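Letter by letter, the chains look like this.
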Amino acid sequence: MKLDSKIPEGPLAEKWTKHKFNLKLVNPANKRKYDVIVVGTGLAGASAAASLAELGYDVKAFCFQDSPRRAHSIAAQGGINAAKNYQNDGDSVYRLFYDTIKGGDYRAREGNVHRLAEVSVNIIDQCVAQGVPFAREYGGLLANRSFGGAQVSRTFYARGQTGQQLLLGAYSAMNRQIANGKVKMYNRTEMLDVVIVDGKARGIITRDLVTGKIEAHSGHAVLLCTGGYGNVFYLSTNAKGSNVTAAWRAHKKGALFGNPCYTQIHPTCIPVSGDHQSKLTLMSESLRNDGRVWVPKTAHPGLKAKDAANIPESERDYFLERRYPSFGNLVPRDVASRNAKMVCDEGRGVGATGLAVFLDFSDAIKRDGKKTIEAKYGNLFDMYQQITGDNPYEAPMMIFPAVHYTMGGLWVDYNLMTTVPGLYALGEANFSDHGANRLGASALMQGLADGYFVIPYTIGDYLAGMPYEKVSTDKPEFKEAIEQATNRLNTLVNINGNKTVDEFHRELGLAMWEYCGMSRNEAGLKTAKQKIQSIREEFWKNVKILGGANELNMELEKANRVADFMELGELMVDDALSRAESCGGHFREESATEDGEAKRNDEQFAYVSAWEYKGDNQPEVLHKEELVFENVKLTQRSYK
């Protein structure tokens with residue numbers, strides 16, 4: 001299979017402008033003749049559904065939540081990047097492009113990333129026009145704050161609830177089109193499969209999560225906007241419902257999966273407190289603007305936050321400031337996470353488990369006053385106190401890295417189309433813009449860029465060559481897909497074993513975190529592969545699911561998703577094994593510099609890995625999209 005990224009020729013800054021002109025158009029009067037299916041209604045899905053409906057297309061939108069407002073996009077706290085340069089501190093579209101390429105450790109396409117930086121400035125205007133209440137400076141301009149991986153302030157924010165406010169903007173735009181009859185909304189409906197007719201994506205199979213009814217829906221194109229797969233690790237910052245099922249089923253129907261082992265570990269999460277937890281809580285990276293990260297220079301086992309003040313300044317190790325004087329606490333997420341793990345591995349971690357470091361605001365409160373800090377981070381501090389019982393105004397937070405975002409996803413070309421014609425992937429569901437590590441505040445930027453400003457152009461190029469006729473769901477391809485989905489659910493219900501879905505999911509997550517998390521080695525990855533295969537084999541013999549398939553059954557929902565996670569987990573391990581280099585957030589112990597930093601191998605691994613499904617229990621085939629860098633020089637990353 002030949003991978004054609006369709007990146008336009010010409011100078012970097014002109015690629016997107018020229019490409020838009022060269023794309024075929026659909027006459028406004030003809031747009032209403034096309035049906036577009038949008039799966040997922042977070043930032044990418046809601047913005048795409050609203051934009052396409054505004055253009056005149058008929059849209060069917062699906063989400064498994066009871067409302068699009070509950071999409072996991074609301075969990076984003078810190079902000080959204082854009083190269084507006086309101087601070088007049090040296091930012092530009094090119095600098096945002098460069099920081100994103102460098103932050104991703106040179107494993108993303110130049111063309112895609114520059115387009116992202118270009119349209120970032122339009123996103124802010126769009127969202128302000130929708131009424132998103134961004135923070136403002138005294139003079140009335142929108143406020144910006146700094147974020148990891150950049151030396152300029154380019155992050156727009158709405159206190160610590162930026163994702164929620166942006167989603168409300170996209171949701172209101174979509175609601176307008178629901179009222180106009182251009183978007184038909186299907187809540188509490190989960191996609192189970194993609195339907196391919198004559199080699200093109202022409203529909204999906206869904207399950208009504210309330211009644212259990214399985215249905216077919218046809219369209220001229222299918223957009224997957226279904227987020228990431230961080231829950232393969234069981235404990236992550238993702239909502240419990242976040243899953244890989246839509247993307248994975250598309251993968252099994254021919255869509256290549258790009259860079260599956262690229263997952264992001266977020267440095268500022270509330271540490272694990274016990275076996276009872278089913279998820280972790282993110283604390284915004286923006287806290288690192290004013291909070292100082294430290295541990296004692298010598299081990300103090302079990303040190304509590306309230307006792308941190310007893311450690312004199314001379315006995316504190318502000319390890320990020322010490323190791324990276326240029327960026328200090330604002331190093332990228334992968335660097336901050338790896339260093340937090342390192343000091344804990346040395347035995348200098350704090351808290352009951354020793355798997356935590358301090359994020360201390362005492363200096364900022366002394367410098368700026370409590371009211372200033374409260375205005376910036378008040379709701380985040382309140383959330384932390386409600387969860388942990390500690391008051392961050394009086395004692396430092398305790399944080400530790402956790403799985404957060406997935407840079408891997410379905411492989412897409414410049415038009416956001418997968419290797420299946422007519423099947424697109426937007427936002428976190430695709431692999432495209434972040435390389436081996438996503439910079440903070442870039443997830444919201446990519447989701448909205450794809451939905452508001454990329455797909456409205458690129459989908460027209462495909463639909464312009466499509467006949468208007470709708471495909472009937474009576475076709476054998478739809479009936480076969482319904483039968484397969486039904487049989488799978490009935491099989492799960494009828495296993496009637498002895499172990500719960502959560503027990504299997506936890507075992508899978510532990511194996512993934514232990515052997516395919518922040519730090520990896522060849523022997524550990526091979527062990528993980530064996531463990532995952534063993535867990536998967538037992539799952540299909542011994543999982544216990546109460547209730548039936550034709551009713552509300554949340555255990556069945558979970559089982560269906562966890563079964564996909566197990567298959568994905570094995571592919572993630574295979575991908576990690578194939579990359580014998582340290583890159584971004586993926587530290588291969590066999591590949592490190594003398595001072596312990598990640599050591600890339602550009603001669604062998606400067607490519608996108610794209611995996612092709614070849615059948616159940618068959619090894620997947622690796623295809624490589626070689627990355628070409630014409631505008632940035634490949635150098636060893638340094639934030640010192």
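Predicted, not measured: the structure shown is a model, and the values here were computed from it. (Residues numbered from 1 in each chain as written. Predicted model: local features only at pLDDT ≥ 70, side-chain atom pairs only at ≥ 80, totals over all residues. Heavy atoms only, no water.)

**Quick notes on the side chain of Ser 442**
Rules: Put simply, DSSP H or I for four residues or longer makes a helix, DSSP E for two residues or longer makes a strand, and each gets a number counted from the N terminus. Each polar contact in these results corresponds to two N or O atoms within 3.5 Å; when the atoms are within protein, one needs to be able to donate a hydrogen and the other to accept it, and residues that are neighboring in sequence are counted only if both atoms are side-chain atoms. Should any heavy atoms of two residues lie within 4.5 Å, those residues are counted as being in contact.
In this fold, Ser 442 is placed in the loop between strand E18 (423-425) and helix H12 (443-463). Only 3.2 Å separates the side chain of Ser 442 from the side chain of Asn 81, close enough to count as a polar contact. Residue contacts for Ser 442: discarding those within four places in its chain leaves Asn 81 and His 434.

**Section: the packing of aromatic side chains**
Basically, it comes down to this: Note on aromatic pairs: the rings of Phe, Tyr and Trp (six-membered ring only in Trp) are paired at centre separations within 6.5 Å, and the planes decide the class, stacked below 30 degrees, edge-to-face beyond 60, tilted for the rest. Three labels apply to residues, based on accessible area from a 1.4 Å probe with only protein chains included: buried if under 20% of the type maximum, exposed if over 50%, partly exposed otherwise in between. Either the NZ atom of lysine or the CZ atom of arginine qualifies as a charge over a ring when it sits within 6 Å of the ring centre and within 35 degrees of the ring normal.
Counted by the stated rule, this structure contains 24 aromatic pairs. Relative to Tyr 639, the ring of Phe 327 has its centre 4.8 Å away and its plane inclined at 85°; by these criteria the two rings are edge-to-face. Here Phe 327, found in the loop between helix H8 (319-323) and helix H9 (333-345), pairs with Tyr 639, found in the segment after strand E22 (621-626); they are 312 residues apart in sequence, far enough to count as distant. Residue Phe 327 shares its accessibility class with Tyr 639, and that shared class is buried. An aromatic cluster of at least three residues, connected via ring pairs, comprises Phe 361, Tyr 377, Phe 381 and Tyr 393. Its guanidinium or amino end placed over the ring of Trp 16, Arg 115 lies 4.8 Å from that ring's centre, counting from NZ or CZ.

**Remarks on the packing of helix H6 (residues 162-179) against H12**
This is how the line gets drawn: Helix axes are fitted only over the stretch in contact, all axes being lines through C-alpha atoms; the angle between N-to-C directions runs from 0 to 180 degrees. Roughly parallel means an angle under 35 degrees; roughly antiparallel means over 145; roughly perpendicular covers 65 to 115; every other angle is labelled oblique. Only Asp, Glu, Lys and Arg are considered charged in this grouping, and only Ala, Val, Leu, Ile, Met, Phe, Trp, Tyr, Cys and Pro are considered nonpolar; every other residue, Gly among them, is considered polar.
Following both chains from N to C, one finds H6 and H12 inclined at 10°, their axes separated by 11 Å at the closest point. It follows that H6 is roughly parallel to H12 by the angle criterion. Contacts between H6 and H12 involve Thr 162, Gly 163, Leu 166, Gly 169 and Ala 170 on the former and, on the latter, Leu 444, Leu 448 and Tyr 452. Among the residues forming the contact of H6 with H12, the class breakdown is five nonpolar, three polar and no charged.

**A word on the sheet that holds strand E8 (residues 200-208)**
This is how the line gets drawn: Any two strands are treated as partners once DSSP identifies two or more bridges connecting them.
Spatially, the three strands line up as an open sheet ordered E7-E8-E9, and their pairing is antiparallel. Each of the sheet's edge strands pairs with one partner strand only, and the pair in question is strand E7 (189-197) and strand E9 (214-218). With strand direction ignored, the average angle separating the axes of adjacent strands in the sheet is 25°.

**Concerning the domain arrangement of the chain**
What counts is decided by this rule: Residue ranges assigned to the domains are those given by an automatic or database domain assignment. Buried area: the sum, over both parts, of the accessible surface (1.4 Å probe) that disappears when the two are put together. Definition used for salt bridges: Asp or Glu carboxyl oxygen within 4 Å of a side-chain nitrogen of Lys or Arg.
Its domain assignment divides the chain into domain 1 (266-403) and domain 2 (495-605). With centres defined by C-alpha atoms, the gap from domain 1 to domain 2 works out at 28 Å. A buried area of about 810 Å², summed over both sides, lies between domain 1 and domain 2, and 55% of it is on carbon and sulfur atoms. Inspection of the region where domain 1 meets domain 2 yields two salt bridges. The partner of Glu 597 in a salt bridge is Arg 323, with the nearest N and O atoms 3.3 Å apart. If you list the elements that add at least two residues to the side of domain 1 that touches domain 2, you get H9 and strand E16 (397-406). For the side of domain 1 that touches domain 2, the leading source of residues is H9, giving four residues. For the side of domain 1 that touches domain 2, the per-class residue count stands at three nonpolar, two polar and five charged.

**Topic: the nonpolar core**
To be explicit about the condition: For the purposes of this section, nonpolar cores are sets of buried Ala, Val, Leu, Ile, Met, Phe, Trp, Tyr and Cys residues that join through side-chain atoms within 4.5 Å.
Of all hydrophobic cores here, the largest spans 147 residues; its most connected members are Ile 80, Leu 223, Tyr 424, Ile 459 and Leu 463. Here Leu 223 is in contact with Val 36, Ile 37, Val 38, Val 39, Ala 48, Leu 52, Tyr 424, Leu 426, Ile 455 and Ile 459, once residues within four sequence places are set aside. Membership of the second largest hydrophobic core comes to 41 residues, among which are Ile 270, Leu 320, Ala 340 and Phe 358.

**Remarks on the sheet that holds strand E14 (residues 316-317)**
Across the sheet, which stays open at both edges, the five strands sit in the order E12-E16-E15-E13-E14 with antiparallel pairing between neighbours. The open sheet has two edge strands, strand E12 (263-269) and E14, and neither has a second partner. Relative to E16, E12 is paired through five bridges, and the arrangement is antiparallel. Looking at E16, one finds that Ile 265 is bridged to Val 403.

**What about the side chain of Asp 317?**
Mapping Asp 317 onto the fold places it in strand E14. When near neighbours in sequence (up to four residues on either side) are disregarded, Asp 317 contacts Val 293, Trp 294, Val 295, Pro 296, Lys 297, Arg 322 and Arg 348.

**Quick notes on unusual backbone geometry**
You will see that Arg 188, though not glycine, has its phi angle at about 50°, which is positive. Looking at the element boundaries, Arg 188 is found in the loop between strand E6 (183-186) and E7. For Arg 188, a relative accessible area of 35% gives the class partly exposed. Phi at Tyr 234 takes a positive value of approximately 65°, unusual for a residue other than glycine. Summarising the element assignment, Tyr 234 is placed in the loop between strand E10 (221-224) and helix H7 (245-252). Its relative accessible area of 4% is what places Tyr 234 among the buried residues.

**Quick look at helix H11 (residues 370-388)**
What counts here: To estimate how far a helix should reach, multiply one less than its number of residues by 1.5 Å. A residue's bend is simply the angle between two axes: one fitted to the seven residues ending at it, one to the seven starting at it.
End to end, H11 covers just 20 Å across 19 residues, shorter than the expected 27 Å (1.5 Å per residue, more than 12% under). A bend of about 80° at Tyr 377 is the largest found in H11. Those residues of H11 not exposed but buried are Ile 373, Tyr 377, Gly 378, Leu 380, Phe 381 and Tyr 384. In this fold, the buried residues of H11 make contact with strand E4 (145-146), helix H10 (362-368) and E16. Downstream of H11 by a residue or two, Gly 389 has a phi angle that is positive, lying close to 90°.

**Focus on H6**
Taking 1.5 Å per residue, 18 residues should reach 26 Å; H6 reaches 26 Å between its end C-alpha atoms and fits that length. Every buried residue belonging to H6 is among Thr 162, Gly 163, Gln 165, Leu 166, Leu 167, Gly 169, Ala 170, Tyr 171, Ala 173, Met 174 and Gln 177, and all of these are buried. Elements that come into contact with the buried residues of H6 comprise helix H3 (43-55), strand E3 (80-81), helix H5 (110-130), strand E5 (153-156), E6 and H12. A positive phi of about 85° marks Gly 181, the residue just after H6.

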